[in-house]
Amino acid sequence: MNLLLLAAFWGVLMMFISLSGRSHATIRLIAQVGMGLLFLSTLAEMQGFLIYDLKAAEMFAMDRYGLVMLSVLSGCGFLYFLLSGRDMANVGSDYSEYFSLIFFIFCGFVLVLSFTSLLMLFLGIEIVTIPLYILTGSDKRNLKSNEASLKYFLLGAFSTGLMLMGIALIYGARGTFSTMEVVGASGIPTRLLLGGLFLMFFSLAFKVSAAPFHFWTPDVYDGAPTVFTSFMATLVKVAAFAGFLRLFDHAFGSLKTTWQIWAGAVAVLTLIIGNITAVYQQSVKRLLAYSSIAQAGFMMLGLYGLGDGAREGMVLYAASYSLATIAIFSVLTRMNDYTIEGFNGLAKKDPWIAGILAVCLLSLAGIPLTAGFLAKFYMLQAALSAKYGLVVVVIAVLMAAVSVYYYFRVLQAMYFRAAEEGAQFPAFSTGFKRVLTLIAILILVLGIQPGLLLHYLYF
Amino acid sequence: MPINYYLFLSLALFTIGMVGVLTRRNAIIIFMCIELMLNAVNLLLVAFSKMHHLKNLALNASVGTDGQLFVFFIMVVAAAEVSVGLAIIVMMYRNIHSVDIQFLNRLKH
């Protein structure tokens, strides 16, 4: 719970700093220090250090899994601030408030990762999404940004309505919001409970952009300012998935036979739609949006084969996917041309950046020796244990092969195409390169020694 | 009154809201339909809360209050959502002088 208190405090602090009229460099430094503190405080909590012991076990209780997930999220958040903090200044004039909103979103992450009552799940998801509507529309003069935020807002509020109806039906069936007691001891669900379960399933599938509820994702990710797309596509999606898993693990675990087949169907559909549509994209930003849908399909496999293996896989997936995507987006934000052709000849101009991008793309595609490969491997292994697991795994592997194609298109543009005449590449600072290198090293280390991260789940 | 009446009433309201969201074109009306969905949920929660309260009154006098508590949280969150949502709609209106979501097709291509 350290992170909840610190994030709330830092969010308010950032708002007041904007009043004091500090320079951008100061604001950015304070935000980075804050995010670093969030990360350290989560690590400290894992060692048993609590700033304040919140006694609210009926509402939320942090467990080991939540803490590991939270440290992955805040660690990636810290790297994100280091890489992209500067680019947020180009979006609009409310620099400090953007950081403030992101800190508030982290408060939502804590609730989503630790709820024991459906009330807290609802609040957590809303605390995450409401600031996101604002961030999506933060480029106020840009019609695309306007459109994306309105679309995101209307569909997000709609799916919240579905979730609330689900919660209300569950409450009607059992008279409690506690995740432990939602399914009775008999384990035989009533019709009200089943209705509630599926409404919640659909609305959460909406939030994590799993097919067939993914249609808002490409438009919203494309329209939002690129710095914030990076945040939405990685940390927010991963946190929403963690909440999804937590709900179906803790609350509906005993009804697994009922929903498992649906989770499998949604996972397969998401994998197919995400990967096939990504092949036809010309803009790297849109390609990454579809790639995030495809990766969501793999994360859905974690729900399908829910168990210890899937939980480990989820942590690894969260880390590998977030790291790689944040790094690619941070470079993309600074590019002048977002199409794949815009990357032509980058390897000649800046071999270091191109090499790091290559590691990230390979990790997303799931090539061995990168974290992405092991993450996919854990997920497939988990899915194999489930009913009809073999069919699902075969489709997933085929789709992973398709994904190699579109990730390699970017690689090919960087390495084997000459830059067009007059193409301008941005200059990358040394500090930026150092952080990117750190990300590449993390991806490779996790790809060889996943135990370095996973052993925190147990010790 | 039996709980079924409340259940059907709020499901009907919820469905009207849902159909409205999916078919209307005016952003404000879509927004009103979303509010209708949320209020249908509020009604249902209060009705269930009363039902559980009457059923378990002998065991525990405070049973069922959490449903009503939830309603207040929904109201607060809905208010926060309204403020953000209307701001977004006003922002769009300033740029294109319309609240018709037919205009929302720039991102398709």
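Refer to the structure presented above.
Residues numbered from 1 in each chain as written. Chains lettered and ligands numbered in written order. Predicted model: local features only at pLDDT ≥ 70, side-chain atom pairs only at ≥ 80, totals over all residues.

Caption draft 1: Focus on the overall build of chain A. When its secondary structure is counted, chain A shows 18 helices and zero strands. Taking 23 Å as the expected radius of gyration for a compact globule of 459 residues, we find that chain A reaches 21 Å, a close match to that expectation. If you line up chain A on its principal axes, its C-alpha atoms span 70 × 55 × 45 Å. Look at the contacts in chain A between residues 6 or more apart in sequence, and 82% of them connect residues 24 or more apart. (Helix = DSSP H or I, 4+ residues; strand = E, 2+ residues; numbered from the N terminus. Rg over C-alpha atoms; globule rule 2.2 N^0.38 Å. Contact = placed C-beta atoms within 7 Å.)

Caption draft 2: Highlighting the nonpolar core. Of all hydrophobic cores here, the largest spans 214 residues; its most connected members are A:Val112 and A:Ala239. If sequence neighbours within four positions are ignored, A:Ala239 has contacts with A:Leu73, A:Phe109, A:Val112, A:Leu113 and A:Val128. (Core = buried A, V, L, I, M, F, W, Y, C linked by C-beta atoms within 7 Å. Buried ≥ 20, exposed ≤ 12 C-beta atoms within 10 Å, placed from the backbone.)

Caption draft 3: Quick peek at the environment of A:Leu150. Secondary-structure assignment places A:Leu150 in helix 6 (residues 143-174). Along the primary structure A:Leu150 and A:Gly309 are separated by 159 residues, whereas in three dimensions their C-alpha atoms are 39 Å apart. If sequence neighbours within four positions are ignored, A:Leu150 has contacts with B:Ala27, B:Ile88, B:Ile89, B:Met92 and B:Leu104.

Caption draft 4: Focus on unusual backbone geometry. All names here are of chain A. In this structure, Pro212 follows Ala211 across a cis peptide bond, with omega equal to 0 degrees. Here Pro212 lies in the loop between helix 7 (191-207) and helix 8 (216-223). In the Ramachandran plot, Tyr388 falls in the positive-phi region, its phi being about 55 degrees despite a non-glycine side chain. With respect to the secondary-structure elements, Tyr388 resides in the loop between helix 15 (371-384) and helix 16 (389-416).

Caption draft 5: Highlighting helix 6 of chain A. Residues and elements named next belong to chain A. The end-to-end C-alpha distance of helix 6 is 46 Å, a good match for the 46 Å that 32 residues give at a rise of 1.5 Å each. Most of helix 6 is tucked away: 30 of the 32 residues are buried. After helix 6 finishes, the residue Gly175 shows a positive phi value of roughly 70 degrees. (Expected span 1.5 Å × (residues − 1).)

Caption draft 6: Geometry of the interface of chain B and chain A. Taken together, the contact between chain B and chain A spans 32 residues of the former and 31 residues of the latter. Counting residues per element, the ones that place at least two in the side of chain B that touches chain A are helix 1 (3-23), helix 2 (27-55) and helix 3 (65-96) of chain B. Counting residues per element, the side of chain B that touches chain A draws most heavily on helix 3 of chain B, at 16 residues. By residue class, the composition of the side of chain B that touches chain A is 24 nonpolar, five polar and three charged. (Nonpolar A, V, L, I, M, F, W, Y, C, P; charged D, E, K, R; others polar.)

Caption draft 7: Layout of the environment of B:Phe48. In this structure, B:Phe48 sits in helix 2. Distance from B:Phe48 to B:Ile30, taken between C-alpha atoms, is 27 Å for residues 18 residues apart in sequence. Dropping the residues within four chain positions of it, B:Phe48 is found in contact with A:Ala168, A:Tyr171, A:Gly172 and B:Gly67.

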